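# Reading the structure
What follows is each chain in one-letter form.
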Amino acid sequence: MEERQPSWDPTQSRVLDAADVLISRRGVHDVTIAELARRSGLSRPTIYRSWSDADDVVRSALLRRVAGLIAQFPAPAQTRATLVDDVLRFTTMFRTDAVYGRLLADEPEAFARYTLQRVGSSQRLILAWLAQAITAAQADGSVRAGAPQEIAVMLLLITQSAVISHSTVADLIDEAAWERELRAALDGHLRA
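Residues numbered from 1 in each chain as written. Predicted model: local features only at pLDDT ≥ 70, side-chain atom pairs only at ≥ 80, totals over all residues. Heavy atoms only, no water.

### Re the overall build of the protein chain
- For the protein chain, the helix and strand inventory stands at 10 helices and 0 strands.
- In the protein chain, the succession of α and β elements from N to C terminus is α-α-α-α-α-α-α-α-α-α.
- Against the compact-globule benchmark of 16 Å for 192 residues, the protein chain has a radius of gyration of 18 Å, which places it among compact chains.
- In terms of principal-axis extent, the alpha carbons of the protein chain reach across some 55 × 40 × 25 Å.
- Expressed as a percentage of its 192 residues, the buried residues of the protein chain come to 46%.
- Total accessible area computed for the protein chain in this model is approximately 9,500 Å², and 52% of it derives from carbon and sulfur atoms. (Helix = DSSP H or I, 4+ residues; strand = E, 2+ residues; numbered from the N terminus. Rg over C-alpha atoms; globule rule 2.2 N^0.38 Å. Buried < 20%, exposed > 50% of the residue type's maximum accessible area, 1.4 Å probe, protein only. Areas by Shrake-Rupley, 256 points an atom, 1.4 Å probe, with all protein chains shown as cover.)

### Quick word on the packing of helix 5 (residues 80-96) against helix 8 (residues 121-140)
- For the pair helix 5 and helix 8, interaxial distance at closest approach is 9 Å and the crossing angle is 160°. Comparing the axis directions of helix 5 and helix 8 gives the class roughly antiparallel. Crossing angle aside, the handedness with which helix 5 passes helix 8 is right-handed. Across the interface between the two elements, Arg80, Leu83, Asp86, Val87 and Phe90 from helix 5 touch Ile126, Trp129, Leu130, Ala133, Ile134 and Ala137 from helix 8. (Axes fitted to C-alpha atoms, helices over the stretch in contact; angles between N-to-C directions. Parallel < 35°, antiparallel > 145°, perpendicular 65-115°, else oblique. Left-handed = near helix turned anticlockwise from the far one by under 90°. Contact = heavy atoms within 4.5 Å.)

### Some details on helix 4 (residues 54-70)
- End to end, helix 4 covers 24 Å across 17 residues, agreeing with the expected 24 Å (1.5 Å per residue, within 8%).
- Taken together, the buried positions of helix 4 are occupied by Ala54, Val57, Val58, Ser60, Ala61, Leu62, Leu63, Arg64, Val66, Ala67, Leu69 and Ile70.
- The N-terminus of helix 4 is capped by Asp53, whose side-chain oxygen sits 3.2 Å from the backbone nitrogen of Asp55. (Expected span 1.5 Å × (residues − 1). Polar contact = N/O pair within 3.5 Å; in protein donor to acceptor, adjacent residues only side chain to side chain.)

### Quick look at the pattern of salt bridges
- Evaluated as defined, the whole model comprises 18 salt bridges.
- Close ionic contact of Arg26 with Asp30 constitutes a salt bridge, the shortest N to O distance being 3.4 Å.
- On the basis of relative accessible area, Asp30 is assigned to the partly exposed category, the value being 34%.
- Asp85 is the partner of Arg183 in a salt bridge, and the nearest nitrogen-oxygen pair spans 2.6 Å. Of the two residues, Arg183 is situated in helix 10 (residues 175-190) and Asp85 in helix 5; the sequence distance between them amounts to 98 residues.
- By relative accessible area, which is 30% here, Arg183 ends up partly exposed.
- Asp85 sits in the partly exposed class, given a relative accessible area of 38%. (Salt bridge = Lys/Arg side-chain N within 4 Å of Asp/Glu carboxyl O.)

### Observations regarding the side chain of Arg102
- Mapped onto the elements, Arg102 comes out in helix 6 (residues 98-106).
- Since its relative accessible area comes to 17%, Arg102 is described here as buried.
- Only 3.4 Å separates the side chain of Arg102 from the side chain of Glu107, close enough to count as a polar contact.

### Points about the nonpolar core
- With 60 residues, the main nonpolar core has Leu36, Val57, Leu83, Phe94 and Leu130 as its most contacted residues.
- By residue number, the principal contributor to this core is helix 4, which donates 10 residues.
- Filtering out sequence-adjacent residues up to four positions away, Val57 remains in contact with Val15, Leu16, Ala19, Ile33, Leu36, Ile47 and Trp51. (Core = buried A, V, L, I, M, F, W, Y, C linked by side-chain atoms within 4.5 Å.)

### Section: the packing of aromatic side chains
- What the rule picks out here adds up to 6 aromatic pairs.
- For the pair Phe73 and Trp129, a centre-to-centre distance of 5.0 Å together with 50° between the ring planes defines the contact as tilted. Of this pair, Phe73 sits in the loop between helix 4 and helix 5 while Trp129 sits in helix 8, and the two are 56 residues apart along the sequence. Across the pair, Trp129 and Phe73 agree in class, each one buried.
- Taking 5.5 Å as the distance between ring centres and 40° as the angle between the ring planes, the aromatic pair formed by Phe90 and Trp129 counts as tilted. In this pair, Phe90 sits in helix 5 while Trp129 sits in helix 8, placing the two residues 39 residues apart along the sequence. Each member of the pair, Phe90 together with Trp129, is buried. (Phe/Tyr/Trp six-rings, centres within 6.5 Å; stacked < 30°, edge-to-face > 60°.)

### Comments concerning the environment of Arg64
- On the secondary structure map, Arg64 appears in helix 4.
- Taking the C-alpha atoms as reference points, Arg64 and Val143, 79 residues apart in sequence, are found 29 Å from one another.
- Other than its neighbours up to four places away in sequence, Arg64 contacts Trp8, Ser13, Leu16, Asp17 and Asp20.
- Separated by 2.8 Å, the side chains of Arg64 and Asp17 make a polar contact.

Shown next, in the form of structure tokens:
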């Protein structure tokens, strides 16, 4: 399952920039084609040439943000320790991202709709990134044998569950302990 990095032309990027602003300030419910047109300075027909509706724009905006986070990791991890470090760094960047952070904190139902109800392009991009690193770390001997894609799916589920539940358990476990326990879970899942 090879997922290539998506790309957007300058016009599409203007629309996605407008979507980022709307989502981070007011949430996904205020993202409409009319508001996107107004904020991007483009016409509605121009937006409809690339997307079928506002929901489609939101999905593309979220995909672009995930692609931007992954792009901050220029090379795949080569060892289990580096892979765990990268996943933890990704979770921090994800949780503090202006758009995803807003959805996690203020619109968990929208976050669930866009990230949990189906495996979409964003998750496929993350899975491809993880599988590539798992393959390299298996060659290093520090990650157990198994289908990299299958191991990546469970790694994503473990991490996703921890990120989504973070605010729920914040009174029970402090940030340092949360990270330590997530690190142990990820490391244990990958250990050879």
